[in-house]
Amino acid sequence: MTGAVGFGVFSVDGDEPRVGFRVGRGVLDLAANGLGAVFEAPTLNPFLALGRSSWEDTVARIQELVPAGADLVPLEDASVELPLAVADYVDFYSSLEHATNLGRLFRPDTDPLLPNWRHLPVAYHGRAGTVVVSGTPIVRPSGQTKGPADDAPHFGPSGRLDIELELGFVVGVGSSLGEPVPTSAFRDHVFGVVLVNDWSARDIQAWEYQPLGPFLGKSFATSIGAWVTPLALLEDRFVSSPGQDPEPLPYLRTSGDWALDVELEVELSGTVVSRTNACGLYWTMPQQLAHATVNGAAIRTGDLFASGTISGPEHGSEGSFIELTSNGEHPIGLADGSTRTFLEDDDEVVLRGRAGELELAEVRGRILPARVSS
Ligand code: CA
């Protein structure tokens, strides 16, 4: 198989939404091809809950059916929906380069990394109910902001609307309350990955975030790809991670290769403005899951965990506009001759990921004007 691959939910001509497998420019209707009634559901969740052997059996069946010439629904005839009912959503902060870049911007006179950063995968709980599928328009959020020179906060549309290029993983099999999920059990719980755009209103975020972290500057929308790519199709893309220095506590140690070699790019209104790779992340997915559950917090089918913004070390490999433009000081040029610092109304952002011959489903979103101005 080549091109974009993954499991999602689709319908044709307004019929009942059901689970399909996208391969390139076509969709395999799984229930209609005899893979099971679980695929008649309007979300991936019942399939996700079945567990690793069912996931791998299904992928193996698909790998027989597709080359044998199974009928595919043309992608342009398929309407897609959010592929899963998102249970909980957690967003990490696992790129050393991103955390360093933002630390320099927000706290210029101190060490850019806070003391905990190299010892644990920092994260916050996001809003599962506003995770949306690729293609959903994004309304510019309004909120409270207060610039450094302002005497008092004011209310209005965000003037510093940004993106965050991220890779997320989706939980299939949950865990029991009180029982941590060790790094070694990652593949027993996690089904696959999606690209994530964690839309961020930097001006709202900057005023609200201390001391409890992101809230309204993030919760207005988070976009994910329409098709979840199973780990079973990405086995040859796992490479060694940069590792951690100092060595983390025992519950965060892993064996084997856990960095995912996925080439990533950000396109803004027709111009590619950033290219990077997910394999450079400091903390890996099993470490993120082990940390999120080490206190006994249970995970559930449909949980979404995102990596945090993925930025590389060179200019042009940053995963957000606040980094690409040095906090708005150095605009970037687009192919049509215009320049941008942060997003303008009608701008469209597309995130793409390539893993060798395969692609992760793109994440696309266009900015609509604010609906609340005062
Ligand atoms: Ca984020």
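Report on the accompanying structure. (Residues numbered from 1 in each chain as written. Predicted model: local features only at pLDDT ≥ 70, side-chain atom pairs only at ≥ 80, totals over all residues. Heavy atoms only, no water.)

So, the pairing of strand β13 (residues 165-171)
Then, number 1: Within β13, seven of the seven residues are buried, leaving the element largely enclosed by the surrounding structure.
Then, number 2: Of the two faces of β13, both are covered, the one formed by Leu 165, Leu 167, Phe 169 and Val 171 as well as the one formed by Glu 166, Gly 168 and Val 170.
Then, number 3: Note that β13 and strand β14 (residues 190-197) share seven bridges and pair antiparallel. Across the sheet, residue Gly 168 finds its bridge partner in β14, namely Val 194.
Then, number 4: The pairing of β13 with strand β22 (residues 304-306) spans three bridges and is antiparallel. Each bridged residue has a counterpart across the sheet, and for Gly 168 the counterpart in β22 is Ala 306. (Buried < 20%, exposed > 50% of the residue type's maximum accessible area, 1.4 Å probe, protein only. Helix = DSSP H or I, 4+ residues; strand = E, 2+ residues; numbered from the N terminus. Pairing = 2+ DSSP bridges.)

Some points on the coordination of the calcium ion
Then, number 1: For the calcium ion, the protein coordination sphere consists of Asp 91 (OD), Glu 164 (OE), Glu 166 (OE) and Asp 198 (OD), at 2.1 to 2.3 Å.
Then, number 2: Of note, the donors binding the calcium ion are all from one chain and are spaced D-x72-E-x1-E-x31-D. This pair shows no difference in class: Glu 164 is buried, exactly as Glu 166 is. (Donors = N, O, S within 2.8 Å, 3.2 Å for Na, K, Ca; no water.)

Focus: helix α7 (residues 285-293)
Then, number 1: In terms of burial, α7 is largely enclosed, as seven of its nine residues are buried.
Then, number 2: Regarding α7, the residues found buried are Met 285, Pro 286, Gln 287, Gln 288, Leu 289, Ala 290 and Thr 293.

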